Amino acid sequence: MKVAIIGAGICGLYLAKNLAQKGNEVTVFEKKTVIGKKCCSGLFSARLFEHIPEARALATNQINHCVIHFPKKDINLAFKQPFFVLEHLQLDLLAAGLATSAGAGIRLGENINADRLSQLNRQFDRLIGCDGALSATREFLKCSVSRGLTSQEEDRPRETKMQKSKDITFLLGIQGVEQKNDKSDLVETWPTKNGFLWRIPRGETVEWGIMEKPEVSRKLFDEFISRKNIKIEEIKSAIIPRGLVLSPNEKITLCGDAAGLTKPWSGGGVIWGLTQADLLLKYFPDFLEYRKATGQIFGPKIALGKFAKRTAYFLGNRLPFLLPAKLIIDSDYLLKS
C-alpha cells in the first residue's frame, strides 16, 4: 500500500521503518526543515530498546530510583525497569536513518494544513497522523474526513463522531540545563498542583524542568530555580497532551502524541506511543480494529493512571503518614509485574 505518515517524530519514523520493511510504499511528511525533537527530558525505560535496540548506544546515564519530595515526607521509588538518559534529538536521527534504510522516504519542510492533508488523502491508500500534540491531522479528522475511497473514486467528506479536541488537555513542559557532572542513578521530583518539577542527572549535565498548566508553568519554574540558586542554560519548552482521541475513519488514523497518548502521572509518551505503534502494525491496514485495540488497552491504563496520581498527591500533601516511605513500581504501566 501507499502510506503517508504525517510527522517525523519517533512514532512516525518507527512506523515508517516497519511498514516499509513489510513492503509498503511509505512517505513521511514533516513540517520542519530538520529532524529531531529538541525539548524532551530524554528519560526512557529499558523498554525503548525492545522497540529500537540500536538506541542503547545513545544512553548517557542509567536511573534506578526516584524521590518524590512532598512537603512533609519523601517517597522513594525503585523502578522495576531501569530508565536511561538519551538525547531525544539523537534518537530521532537514529530512527530516521533506520526508516530510510528500510526504504521509506522523508520529505521535510512540508506545509501540513487541511488542504494538503485532503490532497494526501486522495493520493495515498492510508494516512497516519503522528504530528504531535497540536496535530493538524487530528484537527482535519475532527472537521471532516473522507470515507476511505481510493484516489480513483469520488471523495465524499462526512462529519465524524471522533472525540473532539476538548477531550485533550495540555500542560507545558519547560526544561533547562545546569552545567554540572552528575552520573548518579537518582531522579528527584517536587509535586505541583497539576504536575511536578524535576531534576535529572544526565552525566555531563543536570536537567531541571517542570510540567504544569501553561499559564503558571514558567512562573513556578523560575521561582523554584531561584530558591535553589541554580544557574540554568538552554531553556526550552514543549506542549504535553493528555487524553486519548480515537479515529473512526477507515483510512486515516492517529498515533502517539497526535492521539493525546501520554502517561497521566509523568507526561511521558514515547513508550506508550511505540506500544500503540506496534498495535497499528499488528492490525494494519485495518484501522478500525487498531482503534478498538487501542481503546481496550490504553483506556483502563489512563483511568488507573489518573486515579493513582490524584490519590498519591492527595495523600502526599494531606495525609503523608498513609504513604509508605519506599515503593517498587513499573513507571510505564504502574501495576505490571
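Residues numbered from 1 in each chain as written. Predicted model: local features only at pLDDT ≥ 70, side-chain atom pairs only at ≥ 80, totals over all residues. Heavy atoms only, no water.

Novice: Can you lay out the overall build of the protein for me, pointing to particular residues and giving the numbers?
Specialist: For the protein, the count of helices and strands is eight helices and 14 strands. C-alpha extents for the protein along the principal axes are approximately 65 × 40 × 35 Å. In the protein, which comprises 337 residues, the share counted as buried stands at 52%. For the protein, the computed accessible surface area is about 15600 Å², with 52% contributed by carbon and sulfur atoms. Separation of charge centres in the protein, based on 49 positive and 36 negative side chains, amounts to 5 Å. (Helix = DSSP H or I, 4+ residues; strand = E, 2+ residues; numbered from the N terminus. Buried < 20%, exposed > 50% of the residue type's maximum accessible area, 1.4 Å probe, protein only. Areas by Shrake-Rupley, 256 points an atom, 1.4 Å probe, with all protein chains shown as cover. Lys, Arg positive; Asp, Glu negative; His and termini not counted. Charge placed at Lys NZ, Arg CZ, Asp CG, Glu CD.)

Novice: Pulling in residues and values, what's your account of empty space enclosed by the protein?
Specialist: Following the criterion strictly, the structure yields two cavities of 30 Å³ or more and no others. Computed from the structure, the largest cavity encloses a volume of approximately 40 Å³. Counting only elements with at least two residues in the lining of the largest cavity, the list comes to β13 (252–254) and α8 (287–318). Ranked by the residues each element gives to the lining of the largest cavity, the list is headed by α8, at three residues. Across the lining of the largest cavity, the residue classes break down as four nonpolar, four polar and one charged. (1 Å grid on protein atoms, 1.4 Å probe; cavity = no way out; pocket = protein on both sides within 12 Å on 5 of 7 lines; lining within 4 Å. Points joined across faces, edges and corners; volume = space filled by probe spheres on them. Nonpolar A, V, L, I, M, F, W, Y, C, P; charged D, E, K, R; others polar.)

Novice: So what about a positive patch on the surface? Which residues, and what values?
Specialist: On the surface, Lys31, Lys32, Lys37, Lys38 and Lys236 cluster together to form a positively charged patch. Summarising the element assignment, Lys32 is placed in the loop between β2 (25–29) and β3 (43–45). The class for Lys32 is partly exposed, based on a relative accessible area of 35%. (Patch = residues over 30% accessible without salt bridge, like charges linked within 9 Å, V, L, I, M, F, W, Y side chains within 5 Å. Salt bridge = Lys/Arg side-chain N within 4 Å of Asp/Glu carboxyl O.)

Novice: Hey, could you go over helix α3 (residues 88–101) for me, with residue numbers and the actual values?
Specialist: The end-to-end C-alpha distance of α3, which contains 14 residues, comes to 20 Å, matching closely the 20 Å that a straight helix rising 1.5 Å per residue would cover. When we look at burial in α3, the residues that qualify are His88, Leu91, Asp92, Ala95, Ala96 and Ala99. The buried residues of α3 occupy one face: seen down the axis, they fall within an arc of 140°. Those residues of α3 that are buried lie in contact with α1 (10–21), β3, α2 (48–51), β6 (105–107) and α7 (270–283). Positioned one or two residues after α3, Gly103 has a phi angle of 110°, which is positive. (Expected span 1.5 Å × (residues − 1). Arc of directions from axis to C-beta. Contact = heavy atoms within 4.5 Å.)

Novice: How would you sum up the side chain of Lys309? Please name residues and give values.
Specialist: Relative to the helices and strands, Lys309 resides in helix α8. Despite its burial, Lys309 pairs with no opposite charge; the closest candidate is Glu212, at 7.4 Å N-O. Filtering out sequence-adjacent residues up to four positions away, Lys309 remains in contact with Asn194, Gly195, Arg242, Pro264 and Trp265.

Novice: With reference to specific residues and values, describe the environment of Asn24.
Specialist: Position of Asn24 among the secondary structure elements: in the loop between α1 and β2. C-alpha of Asn24 to C-alpha of Gly103: the two residues are 79 residues apart in sequence and 9.0 Å apart in space. If we ignore the near neighbours within four places in the chain, the residues touching Asn24 are Met1, Val3, Leu19 and Phe284. Within the structure, the side chain of Asn24 is placed 2.9 Å from the backbone oxygen of Leu19, a separation counted as a polar contact. (Polar contact = N/O pair within 3.5 Å; in protein donor to acceptor, adjacent residues only side chain to side chain.)

Novice: Describe the confidence of the model for the protein, naming the residues involved and giving the relevant values.
Specialist: On average, residues of the protein score 90 in pLDDT, and 92% of them are at 70 or above. Note that residues 144–165 has pLDDT below 50 and, in this model, 49 contacts with residues that lie over four places away or in other chains. (pLDDT = per-residue confidence, 0-100.)

Novice: Please give an account of the sheet that holds β6 that cites residues and values.
Specialist: The strands making up a sheet are joined through hydrogen bonds of the backbone, oriented either antiparallel or parallel. Strand order in the open sheet formed by five strands is β6-β2-β1-β7-β13, and the pairing between neighbours is parallel. Each edge of the sheet is formed by a strand with only one pairing partner; in this case those strands are β6 and β13. Ignoring strand direction, the axes of neighbouring strands in this sheet form an average angle of 20°. Pairing of strand β1 (residues 2–6) with strand β7 (residues 126–129), which is carried by four bridges, proceeds in the parallel orientation. Its bridge partner being in β7, Ala4 is matched across the sheet by Leu127. (Pairing = 2+ DSSP bridges. Axes fitted to C-alpha atoms, helices over the stretch in contact; angles between N-to-C directions.)

Novice: So, the pairing of strand β8 (residues 169–178): which residues are in play, and what are the values?
Specialist: With eight of its 10 residues buried, β8 lies for the most part within the structure. One ladder, built from eight bridges, connects β8 with strand β12 (residues 233–242); its direction is antiparallel. Along β12, the bridge assignment pairs Val177 with Glu233. Where β8 meets strand β11 (residues 206–212), seven bridges bridge the pair, whose relative direction is antiparallel. Bridged to Gln175 within β11 is Gly209.

Novice: Talk me through α1; I want residue IDs and the actual numbers.
Specialist: The end-to-end C-alpha separation of α1 is 17 Å, in line with the 16 Å expected for 12 residues at 1.5 Å each. With 11 of 12 residues buried, α1 is to be regarded as a mostly interior element. The complete set of buried residues in α1 reads Ile10, Cys11, Gly12, Leu13, Tyr14, Leu15, Ala16, Lys17, Asn18, Leu19 and Ala20. Directly beyond the C-terminal end of α1, a positive phi value near 100° is found at Gly23.

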